[in-house]
Amino acid sequence: MTLKVTLFGGTGQGKTCYTLALLYMMATGIEGLRIEAQDADTATKYLNPWRDFVIGRKWPAPTMGRREDVFTLYYEDQVITEFRWVDYQGGAINVPADESDEAAQLHADIQESNAVIIVADAYTIATRAAIEAEMLTSSTYIYNLLNNYKFKPNLAGEGIGGGITIALVLTKADALPEEYKADNYDKLFQKTRQVFRGVVDFVEKERRKTSSLRPWLYPSAMLPVSIVGDGRAQVTAEGEGYALASFELVAAPEPVDVHYPFLYAIGNELDRTALTLEERVDDLEKRLEKMSRNVLKRILRGRSIRELHAERQQVAARLRELEPQIQAVAGVANKKMRPLVP
Amino acid sequence: MQVEAFLFTRSQRRDFTAFVRPAGMSNRDVSVIASALNNVNDVERLTRAFPALYGFPLGEYVYLLRHYDSRRRHAGRAISVVEGIAVRATWARHFALAVPYLIAHQAEALDIASSVGDLELFAPTLSAAYELPEHAAEIAVPDTAYLDDFVARRLEDRLIVPFTSGGLILMTGALAERRFLSPLYFAFGTNRDVIAAFADAGVSFDVIGFVNAEGAGFRSRETGEKTGEIAVPVVEPESESAPQPAADLTAMRPRAVPLRAPIPPRDLPPAGGAADVPESERLLTMREARRQMRALQPVEPEPPRPAFDPFAALRRLLRLIVGRRE
Ligand SMILES: Nc1nc2c(ncn2[C@@H]2O[C@H](COP(=O)(O)OP(=O)(O)OP(=O)(O)O)[C@@H](O)[C@H]2O)c(=O)[nH]1
Ligand SMILES: [Mg+2]
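Rules used in this analysis
- Residues numbered from 1 in each chain as written.
- Chains lettered and ligands numbered in written order.
- Predicted model: local features only at pLDDT ≥ 70, side-chain atom pairs only at ≥ 80, totals over all residues.
- Heavy atoms only, no water.
- Helix = DSSP H or I, 4+ residues; strand = E, 2+ residues; numbered from the N terminus.
- Buried < 20%, exposed > 50% of the residue type's maximum accessible area, 1.4 Å probe, protein only.
- Contact = heavy atoms within 4.5 Å.
- Areas by Shrake-Rupley, 256 points an atom, 1.4 Å probe, with all protein chains shown as cover.
- Pairing = 2+ DSSP bridges.
- Donors = N, O, S within 2.8 Å, 3.2 Å for Na, K, Ca; no water.
- Near = heavy atom within 4 Å.
- Polar contact = N/O pair within 3.5 Å; in protein donor to acceptor, adjacent residues only side chain to side chain.
- Nonpolar A, V, L, I, M, F, W, Y, C, P; charged D, E, K, R; others polar.
- Lys, Arg positive; Asp, Glu negative; His and termini not counted.
- Salt bridge = Lys/Arg side-chain N within 4 Å of Asp/Glu carboxyl O.
- pLDDT = per-residue confidence, 0-100.
- Buried area = accessible area lost by both parts, 1.4 Å probe.

K.L.:
Honestly, the overall build of chain A in this entry has me stumped. Any pointers?
P.N.:
A tally of regular secondary structure across chain A gives 12 helices and 10 strands. Each principal axis of the C-alpha distribution contributes one length, and for chain A these read about 80 × 45 × 40 Å. Within the span of chain A, comprising 342 residues, buried residues form 60% of the whole. Considering only contacts in chain A between residues 6 or more positions apart, those separated by 24 or more positions represent 76%. Of the accessible surface of chain A, which amounts to about 13,300 Å², a share of 49% is contributed by carbon and sulfur atoms.

Right, dumping it as structure tokens:
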């Protein structure tokens, strides 16, 4: 099984930093979960800039183009899933697809993604006017893309597979003014919901249709994270106009909470797989029940009944195998993440 | 020789964009170059005076590009510039002859950025084709033995040089050598990840100047193993045009930055980040939500099963046999 996770967000929001920190943190393992790159060269490609960051105190260069790599997520040495991770230059969001290969790729990636991780700069959200923060985080463009490729039921498909997991990563949380950190980041969440109201409204509207499963097919949550840790970076220039604030690392970095949004995305997509399997079991059971009620069919279709039984057992076995993995991944993350829609 | 210009960089308003590009250059070609050079993390090492240099064919063109730190910043990060010229592939041999001269005069020949004025105001355009006078250049290398060697082993081996003036002389000497049957392609001031990314796009190089290579020599194309050594010419540092000695991480002394203000103690949420939510607020997975929904919905009574009528089955069987439909 391969899940596709696309990371996107406006330029300078912290996608590359987040990726480097996440892969570093997960390379050694957290709570039994571990990420391995497909090969050693891929691993060094991500670890080298991380080393330059930790030792050289040098932020990674702004991304040019796009980078895609395949990783494997393990739980206690069991393969949970492969996933494809894509990091973009932020500008890919706001240029037309015919003007840039990255933009065209981004559209295709979102369409194909099981989960998206939206990266938005919490410091910008907190310190700039909401309407400016919308532009700088590209929240309107993000909504536009998701709406086009994932929210419209005719495009995404009505089935269980039609939804998508949305994890909103609020980066640079270390630098937030105190009032935005108070009450477990309450003020930050309020302003974020305002800045990302397109996405929030969509999920909220779906939630109101309580009778259907559809709203639950869009698990969406957010979390403030930092790749440096509180007080370890200082603002050297405040943001103004198109310019974002600049930071300087003043102490060795200690990433905080970076793994949860990732685990949330993977965990909920594993859960979607399990949901599909459960539906299949239900369906098989119904068919079996119908068949065995009907004596004639029981006589004529003895063989296909046996086949259905075998399939049900197989699916059930796969579900049993998935269960502890989902527990390990989503169990951890769903406790930490905060709902996009309160 | 007809050439077209290429300028790839970013402004505050616009993320990395081909501000100027040859008419026949596709978005895909732009992306290949950008994504490959994205693997250079320490752009600050590459300066306008001593930039990284690349010569390679891609799509309809052969490119001669330089890559350096613009000294402009975005969110505190160094913005790089990739710029230079390109010729249609039909001009490849002419171009190859001109490359050593163009490299020696890179400061003017590859400077596209200064012709566009204020980037914040500049809208991306296609380059007009313009005539470039063809100059060949002789490069005086102190010892030509390595050229004889390279001519003989080019198919098996690559020439590896350090990213220094001496390395540049060795490389340019090879580029000026007329005995090669086809043009040499090169990447100077680069690293393994860049080379691998170009290779994925089908671009391979004959001469490579690694930023962290110490000496010069030959390496097998196949295994990457060292197959020969070459003495690097010693160049008297001509003020600023000579680059710093290879500053890989082992040589780099981490900058000790004094804390401007002591880190104030703060009541961190548990584990230094967001606190766990209480169990009642834990986010539900899709299936948990469904279970909850189902539990809340009134259970519809199952429709009563029809009583088993053995004769009905017999009647249906009979109908099947006589072939009548209901
Ligand atoms: N204080 C603080 N600053 C951060 C953190 N993460 C990122 N930054 C700052 O944000 C800048 C941009 O981060 P990147 O990860 O390069 O941003 P990006 O989203 O990849 O940007 P593009 O590649 O241009 O699309 C960094 O250079 C840092 O200055 C963080 O956790 N804390
Ligand atoms: Mg980036």
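K.L.:
Please explain the pairing of strand β2 (residues 33-37) of chain A as it appears in this structure.
P.N.:
Remark: a regular strand shows side chains that alternate across the two faces of the sheet. All names here are of chain A. What you see with β2 is a clean split: L33, I35 and A37 sit on the buried side and R34 and E36 on the side with no burial. As paired elements, β2 and strand β3 (residues 66-75) share 5 bridges and run antiparallel to each other. Across the sheet, residue L33 finds its bridge partner in β3, namely Y75.

K.L.:
Please clarify how the coordination of the magnesium ion (ligand 2) should be interpreted in this entry.
P.N.:
Six octahedral donors around a metal ideally sit at 90 or 180 degrees from one another, while four tetrahedral donors ideally sit at 109.5 degrees. Residues and elements named next belong to chain A. At the metal site, the magnesium ion (ligand 2) is ligated by T16 (OG1) and T63 (OG1), and these contacts range over 2.0 Å. Of this pair, T16 sits in helix α1 (residues 15-28) while T63 sits in the loop between α2 (40-54) and β3, and the two are 47 residues apart along the sequence. On the basis of relative accessibility, which here comes to 17%, the residue T16 falls in the buried class. Take T63: its relative accessible area is 8%, and that puts it in the buried class.

K.L.:
For this particular structure, what's the right way to read unusual backbone geometry?
P.N.:
Phi is mostly negative for residues that are not glycine, and the peptide bonds are mostly trans. Positioned with a positive phi, Y185 of chain A is a non-glycine residue whose angle comes to about 70°. As for its position among the elements, Y185 of chain A is in helix α8 (residues 178-195). Residue A75 of chain B is not a glycine yet carries a positive backbone phi of 45°. Here A75 of chain B lies in the loop between β4 (61-74) and β5 (77-88).

K.L.:
Any chance you could explain the site of ligand 1 here in plain terms?
P.N.:
Ligand 1 sits among 24 residues. The nearest are T11, C17, G90 and D174 of chain A together with R77 of chain B. Q13 of chain A places a polar main-chain atom, nitrogen or oxygen, 3.2 Å from an oxygen atom of ligand 1. Note that an oxygen atom of ligand 1 is positioned 2.8 Å from one of the side-chain N or O atoms of K15 of chain A. In isolation ligand 1 has 650 Å² of accessible area, and contact with the protein removes 100% of it. In terms of residue class, the shell around ligand 1 is made up of 9 nonpolar, 10 polar and 5 charged.

K.L.:
Before we go on, may I ask you to explain the side chain of D193 of chain B in this structure?
P.N.:
Position of D193 of chain B relative to the elements: it lies in helix α6 (residues 192-200). One buried charged residue, D193 of chain B, forms no salt bridge at all, with the nearest opposite charge on R67 of chain A at 5.9 Å. Ignoring sequence-local partners within four residues, the contact set of D193 of chain B consists of K45 of chain A together with N39 of chain B.

K.L.:
Explain the confidence of the model for chain B to me, please; I cannot follow it from the model alone.
P.N.:
Low-confidence regions, as indicated by low pLDDT, have predicted coordinates that should not be scrutinised in detail. When pLDDT is averaged along chain B, the result is 83, and 80% of the positions lie at 70 or above. Here residues 239-271 of chain B scores under 50 on pLDDT; set against residues more than four positions off or in separate chains, the count is 43 contacts.

K.L.:
I'm lost on the interface of chain B and chain A in this one. Help?
P.N.:
It is common to report an interface's size as the accessible area lost on association of the parts. Across the boundary between the two partners, chain B contributes 66 residues, which contact 79 residues of chain A. Summing both partners gives a buried area of about 6,400 Å² for chain B against chain A, and 52% of it is carried by carbon and sulfur. Of all residues in chain B, L283, M286 and R287 of chain B give up the largest surface area on contact with chain A, accounting jointly for 13% of the area buried on that side. Here chain B is connected to chain A by 8 salt bridges. Inspection of the region where chain B meets chain A yields 24 residue pairs in polar contact (both at pLDDT 80 or more). Secondary-structure elements contributing two or more residues to the side of chain B that touches chain A are α1 (27-37), β4, β5, α7 (286-296) and α8 (310-322) of chain B.

K.L.:
Would you mind showing me how to read the environment of N27 of chain B here?
P.N.:
Looking at the secondary structure, you find N27 of chain B in helix α1. Owing to a relative accessible area of 19%, N27 of chain B belongs among the buried residues under this scheme. With sequence-adjacent residues up to four places away left out, N27 of chain B is seen in contact with A97, D98, E99, S100 and D101 of chain A together with R21 of chain B. Engagement of the side chain of N27 of chain B in a polar contact is seen with the side chain of R21 of chain B, the distance being 3.0 Å.

K.L.:
Would you mind going over the pattern of salt bridges with me for this structure?
P.N.:
A side chain of one charge can pair with a side chain of the opposite charge if their charged atoms are brought near each other. Residue and element names in this part refer to chain A. Applying the stated criterion to the full structure yields 41 salt bridges over all chains. We note a salt bridge from D69 to K45, for which the minimum N-O separation is 3.5 Å. Residue D69 is found in strand β3, and its partner K45 is found in helix α2; the two are separated by 24 residues along the sequence. For K45, a relative accessible area of 19% gives the class buried. Linking R232 and E254 is a salt bridge whose minimum nitrogen-to-oxygen distance equals 3.6 Å. Linking R232 in the loop between β7 (220-224) and β8 (233-237) with E254 in the loop between β9 (246-249) and α10 (259-293), this pair joins segments that are 22 residues apart in sequence.

K.L.:
Hey, could you run me through the environment of Y260 of chain A in this one?
P.N.:
Residue and element names in this part refer to chain A. Tracing the backbone through its elements, the reader meets Y260 in helix α10. For the pair Y260 and M222, spaced 38 residues apart in the sequence, the C-alpha separation amounts to 9.5 Å. Not counting residues up to four positions away in its chain, the partners in contact with Y260 are E31, L223, V332, A333, K336 and M337.

K.L.:
What is the right way to read the sheet that holds strand β1 (residues 2-8) of chain A from this model?
P.N.:
Hydrogen bonds along the backbone pair up the strands of a sheet, which may run parallel or antiparallel. All names here are of chain A. Spatial strand order, β2-β3-β4-β1-β5-β6-β7-β10: 8 strands in an open sheet with mixed pairing. Each edge of the open sheet is held by one strand with a lone partner, namely β2 and β10 (338-339). As defined by bridge partners, strand β5 (residues 115-121) adjoins strand β6 (residues 165-171) across 7 bridges and the pair is classed as parallel. Opposite V119, over in β6, you have V169 as the bridge partner.

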